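What the coordinates show
These are the residues of each chain, in order.
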Amino acid sequence: MELFCHRRDLRLADNVGLAAAADRGEVAGAFVFDPDVLDHASDVRVRRLLDGLAALRDDYRDRGSDLLVARGDPESILPDLADAVDADRVVWNRDYSGLARERDAGVRKALNDSGVEREAHHDAVLHEPDSIRTNAGDPYSVYTYYWKKWTDRETDSPAPTPAAGDLVDVGALTAAVGDDGAVADGGAETDRVAVGDLPSPADLGFDAPDAEVGPAGTEAARGRLDDFLDEPVFSYEAERDYPAREATSRLSAFLKYGEIGIRETYEATERALAAAQSEGDEERVESVEEFQQQLAWREFYTQVLYHNPEVVTENYKEYEEGIEWRDDPDEITAWTRGETGYPIVDAGMRQLREEAFMHNRVRMIVASFLTKDLLADWRHGYDHFREHLADHDTANDNGGWQWAASTGTDAQPYFRIFNPMTQGERYDPEAEYITEYVPELRGLDADLIHEWHELSPTQRANVAPEYPEPIVDHSERREEALAMYKRARGEDPEE
DNA sequence: TGCGACTTTTT
DNA sequence: AAAAGTCGC
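Chains are numbered independently. Their residues run from 1 in the order of the written sequence. Here every chain gets a letter starting at A, and every ligand a number starting at 1, in the order they are written. Reporting in this predicted model follows two pLDDT cut-offs: at least 70 for local features of residues, and 80 or more for side-chain atom pairs to be given and counted; totals over whole chains, interfaces and linings ignore these cut-offs and use all residues. In computing side-chain values, all of the structure's heavy atoms are included and hydrogens and water are not.

1. Notes on the protein's contact with DNA strand B
By nearness alone, 19 residues border DNA strand B, and Thr144, Trp297, Met364, Trp403 and Asp410 come closest of all. For DNA strand B, a base nitrogen lies 2.9 Å from a polar atom in the side chain of Tyr145. Two N or O atoms count as a polar contact when they lie within 3.5 Å, although within protein this holds only if one can serve as hydrogen donor and the other as acceptor, and sequence-adjacent residues are included solely when both atoms are side-chain atoms. Between a phosphate oxygen of DNA strand B and a side-chain N or O atom of Arg426, the distance comes to 3.0 Å. Per the convention used, a helix needs a DSSP run of H or I reaching at least four residues, while a strand needs a run of E reaching at least two, with both numbered from the N terminus. Only helix 6 (143-152), helix 12 (282-307), helix 15 (360-373), helix 18 (420-427) and helix 22 (474-488) provide two or more residues apiece to the surface near DNA strand B. Each residue gets one label: Ala, Val, Leu, Ile, Met, Phe, Trp, Tyr, Cys and Pro are nonpolar, Asp, Glu, Lys and Arg are charged, and the others, such as Gly, are polar. Looking at side-chain class alone, the surface near DNA strand B contains eight nonpolar, five polar and six charged residues. Throughout this document, a residue counts as near a molecule or strand when at least one of its heavy atoms sits within 4 Å of that molecule or strand.

2. Details of the packing of helix 13 (residues 329-337) against helix 16 (residues 378-388)
Packed helices, taken two at a time, are described by the angle their axes make and the gap between the axes. Each axis is a line fitted through C-alpha atoms, taken for helices only over the stretch in contact, and angles between the N-to-C directions span 0 to 180 degrees. Where helix 13 meets helix 16, the axes come as close as 11 Å, and the angle between the chain directions of the two elements is 35°. Two packed elements cross with a definite hand, and for helix 13 against helix 16 that hand is right-handed. Contact with helix 13, carried on its side by Ile332, Trp335 and Thr336, involves His380, Gly381, His384 and Phe385 of helix 16 and no other residues of that element. Residues of the contact of helix 13 with helix 16, tallied by class, amount to three nonpolar, four polar and no charged. Helix crossings fall into two classes, left-handed where the near helix is turned counterclockwise from the far one by less than a right angle and right-handed where it is turned clockwise. It only takes one pair of heavy atoms within 4.5 Å for two residues to be counted as in contact.

3. Considering the packing of helix 13 against helix 14 (residues 343-355)
Helix 14 packs onto helix 13 with a crossing angle of 65° between their chain directions and a minimal axis gap of 7 Å. Between helix 13 and helix 14, the interaxial angle falls into the category roughly perpendicular. Between helix 13 and helix 14, the contacting residues are Trp335, Thr336 and Arg337 on the first element and Val345, Met349, Arg350 and Arg353 on the second. Looking at side-chain class alone, the contact of helix 13 with helix 14 contains three nonpolar, one polar and three charged residues. Our angle categories are set so that under 35 degrees counts as roughly parallel, over 145 as roughly antiparallel, 65 to 115 as roughly perpendicular, and the remainder as oblique.

4. A look at the environment of Pro420
Within the element layout of this structure, Pro420 appears in helix 18. Each residue gets one of three labels from its accessible area relative to the maximum for its type: buried under 20%, exposed over 50%, partly exposed in between, using a 1.4 Å probe on protein chains only. The class for Pro420 is buried, based on a relative accessible area of 5%. As for Pro420 and Ile344, which are separated by 76 residues in sequence, their C-alpha atoms are 7.0 Å apart. If we skip the residues at most four places from it in the chain, Pro420 touches Tyr342, Ile344, Val345, Phe369, Asp373 and His474.

5. Notes on the packing of aromatic side chains
Aromatic pairing here means that ring centres of Phe, Tyr or Trp (its six-membered ring) are within 6.5 Å. Orientation follows from the plane angle: under 30 degrees is stacked, over 60 is edge-to-face, and everything else is tilted. Inspection of the entire model under this criterion finds 26 aromatic pairs. Here the aromatic rings of Trp335 and Trp401 are separated by 5.9 Å at their centres, their planes lie at 75°, and the arrangement is edge-to-face. Here Trp335, found in helix 13, pairs with Trp401, found in helix 17 (residues 394-404); they are 66 residues apart in sequence, far enough to count as distant. Among the aromatic residues, those joined into a ring-pair cluster are Tyr140, Tyr143, Tyr146, Trp297, Phe300 and Tyr301. Geometrically, a lysine NZ or arginine CZ counts as sitting over a ring once it is within 6 Å of the ring centre and also within 35 degrees of the ring normal. In this structure, Arg101 packs its charged tip against the face of Tyr306, placed 4.0 Å from the ring centre. The ring of Tyr257 carries the charged tip of Lys256 above its face, separated from the ring centre by 5.0 Å.

6. Here's the deal with the domain arrangement of chain A
Annotation comment: domain bounds sourced from an automatic or database domain assignment. For chain A, the domain assignment lists domain 1 (1-122), domain 2 (125-158 + 218-307) and domain 3 (329-488). Domain 2 and domain 3 are separated by 27 Å when their C-alpha centres are compared. Taken together, the contact between domain 2 and domain 3 spans 21 residues of the former and 21 residues of the latter. Summing both sides of the interface, domain 2 and domain 3 together bury roughly 1,900 Å²; the carbon and sulfur share of this comes to 59%. Accessible area, probed at 1.4 Å, shrinks when two parts are joined; the buried area is that loss added up over both.

7. Remarks on the protein's contact with DNA strand C
The environment of DNA strand C is formed by Thr134, Asn135, Tyr140, Ser141, Val142, Tyr145, Lys149, Tyr414, Phe415, Arg489 and Glu491. Considering DNA strand C, the proportion of its atoms within 4 Å of the protein that are sugar or phosphate atoms stands at 79%. Within the contact set of DNA strand C, a phosphate oxygen lies 3.2 Å away from a side-chain nitrogen or oxygen of Tyr414.

Shown next, in the form of structure tokens:
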């Protein structure tokens, strides 16, 4: 008997570690609520996690088994849990962030001390962080070269889904865990295990989020993938930047929680690619490749974080003199509330609060606005996204923020500053996205909305009295941002 | 080692 | 058209 520990892989299908364990004999699936991980969680992500776990548990139940739900420090609880269910090996899939690697090293040692075998698998990405390197043997810091190697490499097929007979029967799990849920033999007082019983957010010290977090679980993920690959993917390149068109995959949260496997996902895109190629339609082919590039970006940033765990808090690219952020607390608050007086920015920030999601193009716009119009440290934005995004992923969000702030690997140059009005006009010309999230502007002509910054205060008060005045002047702030970065580079801003 | 190339732009 | 700089071959 083996114990499989789910972490960011809340699925039975295409799960490399689980399949390996099932191939050897019976497996029991478990999830541990680690207090150290919960310390970094948020209302939104706890809700989303619990939804994913409920779906996973139901998938186990459909096969006559159940999910073991433990609470406590994995280092103390996993050896005891392995003992309680009589497992001789604990198996999991690798997680590549710094915190996760520290945790896993501790768990490895604890299991070793208890004489329990352990095994970690390569599952979360198609190509592991160490496996794609420059010809000189270094990790890549430029995406395009990374992509070339990533896309040329052979990929694994999806891992087989365990059959009902591979999973430990629910009756045996209940018998092993016992009535009180306390783990036997010297575990910490607070360590508890239940069979299929999930805690509520309140049990874990969290509130119900204000946002709707969206569907969870493998079935929902597969439905989403099928819908996307049925047609939208073939016009992805032309459509993806228009937030009102909802032309993106919306797979991010499913991938973050591992409710669908990357091999299964990629294989499905390969089928779409082959279909487009056989039609000989270049635009459709390029669109599928464009989407595959997004999967490669996910792995690019995974390997950036793996090789540079300090980027979570530090600039990847340090400026000689350091950046002196303006960090005005009132301006940052206006940004988080979606009250900047820049319609596309406010729409994005409000979508985030309402849906725990933001369209990718708009993420770039609000990130550029925070760093280069408000001159606020990207860490403020990263922290806010981490609290409110259901799909928050350390590697991707950190990579995105450092890209926007011109401090990252392959970041945009510091002088590349988005114009929030131009962006709104170009990517939401009819202001459909804007008015969906900014009710104060409903009923106005799109032209008027895109000219908001140019109207006089009197005009603004007349047409939309409830909507804020622009809190900054973009042209002025653009010059200030250029000067800020030049000083950080040790240059004279006057030149 | 010289050089082509570099996610998402702006004025 | 120009705003830099440097990565990777």
